[in-house]
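# Structural description and commentary
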There are 2 protein chains.
Amino acid sequence: MNQQYPSLLLQKAVDEFSKLPGVGKKTAMRLVLHLLRQETEEVDAFGKAITQLKHEVKYCKVCHNISDTDVCQICANPSRDTSTICVVESIQDVMAVEATQQFHGLYHVLGGVISPMDGIGPSDLQIDSLVERVSKGDVKEVILALSSTMEGDTTNFYIYRKLADKSVKISVIARGISIGDELEYTDEITLGRSIVNRTLFTGNI
Amino acid sequence: MNQQYPSLLLQKAVDEFSKLPGVGKKTAMRLVLHLLRQETEEVDAFGKAITQLKHEVKYCKVCHNISDTDVCQICANPSRDTSTICVVESIQDVMAVEATQQFHGLYHVLGGVISPMDGIGPSDLQIDSLVERVSKGDVKEVILALSSTMEGDTTNFYIYRKLADKSVKISVIARGISIGDELEYTDEITLGRSIVNRTLFTGNI
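Calculation rules
- The residue numbering used here restarts from 1 in each chain and proceeds along that chain's sequence as written.
- Note on labels: chains are lettered from A, ligands numbered from 1, in written order.
- Local features in this predicted model are restricted to residues of pLDDT 70 or higher, and side-chain atom pairs are both shown and tallied only at a pLDDT of 80 or more, whereas totals for entire chains, interfaces and linings draw on every residue.
- Think of the side-chain values as coming from all heavy atoms in the structure, minus any hydrogens and water.
- For helices the rule is a DSSP run of H or I covering at least 4 residues; for strands it is a run of E covering at least 2, with both sets numbered from the N terminus onward.
- What the globule rule says is 2.2 Å times the number of residues to the power 0.38, and the radius of gyration is computed from C-alpha atoms.
- Should any heavy atoms of two residues lie within 4.5 Å, those residues are counted as being in contact.
- Charged-residue counts in this description rest on Lys and Arg as positive and Asp and Glu as negative, His and the chain ends being excluded.
- Where a charge lies is defined by one atom per residue type, namely NZ (Lys), CZ (Arg), CG (Asp) and CD (Glu).
- Values labelled buried area give the accessible surface lost by two parts on being combined, using a 1.4 Å probe and summing over both.
- Contacts described as polar in this section are N or O atom pairs within 3.5 Å, which, within protein, must combine one atom able to donate a hydrogen with one able to accept it, while residues neighboring in sequence count only if both atoms come from side chains.
- Residues are sorted three ways: Asp, Glu, Lys and Arg are charged, Ala, Val, Leu, Ile, Met, Phe, Trp, Tyr, Cys and Pro are nonpolar, and all the rest, Gly among them, are polar.
- One fewer than the residue count of a helix, multiplied by 1.5 Å, yields its expected span.
- Here's how the labels work: a residue is buried when its accessible area is under 20% of the maximum for its type, exposed when over 50%, partly exposed in between, all with a 1.4 Å probe on protein chains only.
- Interaxial angle, 0 to 180 degrees, is taken between N-to-C directions of lines fitted to C-alpha atoms, where a helix line uses only the stretch in contact.
- Classification of ring pairs uses Phe, Tyr and Trp, with its six-membered ring standing for Trp, and accepts pairs whose centres are within 6.5 Å; under 30 degrees between planes counts as stacked, over 60 as edge-to-face, and the remaining range as tilted.
- Any two strands with at least two DSSP-identified bridges between them are counted as paired.
- The copies were overlaid with a least-squares fit restricted to C-alpha atoms from residues scoring a pLDDT of at least 70 in each copy.
- Only one rule defines a salt bridge in this text: a Lys or Arg side-chain nitrogen within 4 Å of an Asp or Glu carboxyl oxygen.

Time to look at the overall build of chain A. Helix and strand content of chain A: eight helices and six strands. Moving toward the C terminus, one meets the helices and strands of chain A in the order α-α-α-β-β-α-β-α-β-α-β-α-β-α. For chain A, whose C-alpha radius of gyration is 22 Å, the value lies well above the compact-globule estimate of 17 Å for 205 residues. Considered along the principal axes of its C-alpha atoms, chain A spans approximately 65 × 45 × 35 Å. Contacts spanning at least 24 positions in sequence make up 48% of the contacts within chain A whose residues lie at least 6 apart. Computing the positive centroid from 21 side-chain charges and the negative centroid from 27, chain A places the two 4 Å apart.

Written out as structure tokens, the structure reads:
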């Protein structure tokens, strides 16, 4: 549909919305018209929430997680285990691991994985600051919790080599078939790895 | 996933985004983090485009289409045929009809259709102002271009009765099988109607 907008203001708002990932012109139009139907205060709150976030957001000086303060809530929490660092790609991954309630150490947010195809090299990521954190000596274990992709594996290996001369244990999160998955539908690489990396059955699940 | 946000500002922005129709918490988070990666000026432009639209947008006094001016570009255009009014539900529908380049008259945007289930009655729509426009006598034809739904049909009938005593021709856009559709997959009501409302074959398509 070759769209001629009845209003320049409308067109500008639709253009801005359609810059968002996964939002086309039609969806953008729908979202903008939805906002137009809301109260002025609500629309102002929407606009403000976004600009305020961009202007005022901080990143934790220690782990690079998003934060309202210089040091994030997790790093500043005295009850967390400071000897374990879980290395993740993104803020979402911190939230995902936190939601499991299975990890009580600290995080280190890389900001991505090494991906030469996308022009992302080690220097674009928070790898040097990870090495620096580990060098301080307090850290006993670094858990690599990156995506199970070629890029994730490359990054794991890069970090492993960077930390090779430090006296720190380096582990990687378990790969295997997901809870609830049926063997028949599991891809063969995952299934193969889960056989190689089998663990002792103790009667507990 | 029971999400604990690492930042209140982030949470506020995600909450605002997830109020949009069809946007869940996960999508909202993805969109917000996308915006966070953009330049500050771009984020400001995004926020401004939306609030500015809400504050400065106007609706055409004549046809109720969205507009930057008191009377919209279409109503103000002297080359449009002022004797024909196409009645549509929404701004998007004006744009859809305009995109066909088959209509050169004016529009009337109802702002919805009569839908008792959603609490939308005739008084919530721009029906009185349509009757008023027609009463002025200049209008020769009113084309009803509403959705082919129960609500659309109800609204068509309501408008038809409201205009019954005016000397105006009332037409409804053709319903039939879509161009490119195969008969086999056309629903029987549409197919039935398209047989009843068959038109003379003139050799042109």
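Turning our attention to the interface of chain A and chain B. Listed by partner, the interface residues are 54 residues for chain A and 55 residues for chain B. Both faces combined, the contact of chain A with chain B buries some 5,100 Å², and carbon together with sulfur accounts for 71% of it. Summed over the three residues of chain A that lose the most area to chain B, namely Leu9, Lys54 and Met95 of chain A, the buried surface amounts to 14% of that side. Our count for the chain A to chain B interface comes out at 12 residue pairs in polar contact (both at pLDDT 80 or more). Counting residues per element, the ones that place at least two in the side of chain A that touches chain B are helix H1 (8–17), helix H2 (25–37), helix H3 (40–56), strand S2 (66–67) and helix H5 (91–100) of chain A. If you tally residues by element for the side of chain A that touches chain B, the top one is H3 of chain A, at 15 residues. Grouping the amino acids of the side of chain A that touches chain B by side-chain chemistry returns 29 nonpolar, 15 polar and 10 charged.

Right, let's talk about H2 of chain A for a bit. Between the first and last C-alpha of H2 of chain A there are 18 Å, a value that for 13 residues agrees with the 18 Å anticipated at 1.5 Å per step. Within H2 of chain A, the full set of buried residues consists of Ala28, Met29, Leu31, Val32, Leu33, His34, Leu35 and Leu36 of chain A. Close packing links the buried residues of H2 of chain A with H1 and H3 of chain A together with helix H3 (40–56), strand S1 (58–59), strand S2 (66–67) and helix H5 (91–100) of chain B.

A separate point is the side chain of asparagine 65 of chain B. Topologically, asparagine 65 of chain B is positioned in the loop between S1 and S2. With residues up to four places along the chain from it excluded, the contact list for asparagine 65 of chain B reads Pro6 of chain A together with Lys58, Tyr59, Cys60, Ile74, Ile91, Val94 and Val109 of chain B.

The subject of this paragraph is the packing of H5 of chain A against helix H2 (residues 25–37) of chain B. The packing of two helices is summarised by the inter-axis angle and the distance between the axes. Direction vectors running N to C along H5 of chain A and H2 of chain B enclose 145 degrees, while the axes themselves pass 11 Å from each other. Two secondary-structure elements touch here, H5 of chain A through Ile91, Gln92 and Met95 of chain A and H2 of chain B through Met29, Arg30 and Leu33 of chain B. For the contact of H5 of chain A with H2 of chain B, the per-class residue count stands at four nonpolar, one polar and one charged.

What follows is about the packing of aromatic side chains. Tallied over the full model, the rule gives eight aromatic pairs over all chains. Ring plane angle 20 degrees and centroid distance 6.2 Å describe the contact between phenylalanine 17 of chain A and phenylalanine 46 of chain A, whose orientation is recorded as stacked. In this pair, phenylalanine 17 of chain A sits in helix H1 while phenylalanine 46 of chain A sits in helix H3, placing the two residues 29 residues apart along the sequence. With a relative accessible area of 0%, phenylalanine 17 of chain A lands in the buried category. A relative accessible area of 1% means that phenylalanine 46 of chain A is categorised as buried. Every member of this aromatic cluster is reached through a ring pair, and the members are Phe17 and Phe46 of chain A together with Phe17 and Phe46 of chain B.

Residues and elements named next belong to chain B. Judged by pairing direction, the sheet is parallel, and its four strands sit side by side in the order S4-S3-S5-S6 without closing on themselves. Both outer strands of the open sheet, strand S4 (105–109) and strand S6 (169–172), are each paired with one neighbouring strand and no more. For this sheet, the mean inter-axis angle between neighbouring strands, taken without regard to orientation, is 25 degrees. Looking at chain direction, strand S5 (residues 141–144) and S6 are connected through four bridges and run parallel. Counted as the bridge partner of isoleucine 143 is serine 171 from S6. Across the sheet, helix H6 (residues 128–135) lies against strand S3 (81–88), S4 and S5, angled at about 150 degrees from S4, the strand it touches most.

So, on to the relation of the copies chain A and chain B. Between chain A and chain B, which share one sequence, the superposing operator has a rotation angle of 180 degrees and an axial displacement of 0.0 Å; the RMSD is 0.0 Å. One copy is carried onto the other by what is essentially a two-fold rotation axis. Judged by C-alpha distance, glycine 47 of chain A is the residue of chain A that lies nearest the rotation axis, at 2.2 Å.

What follows is about the pattern of salt bridges. Using the criterion set out here, one finds 12 salt bridges over all chains in the structure. Notably, a salt bridge pairs glutamate 16 of chain A with lysine 19 of chain A, separated by 3.3 Å at the nearest N-O pair. Glutamate 16 of chain A gets classed as buried once you look at its relative accessible area, which sits at 11%. Arginine 80 of chain B is paired through a salt bridge with glutamate 98 of chain B; the nearest N and O atoms lie 2.8 Å apart. In this pair, arginine 80 of chain B is assigned in the loop between helix H4 (73–76) and S3 and glutamate 98 of chain B in helix H5, connecting sequence segments 18 residues apart. What makes glutamate 98 of chain B partly exposed here is its relative accessible area of 23%. Overlapping salt bridges, with partners in common, bring together Asp153, Arg175 and Arg193 of chain A in one network.

The values reported here are purely geometric and, on their own, carry no functional implication.
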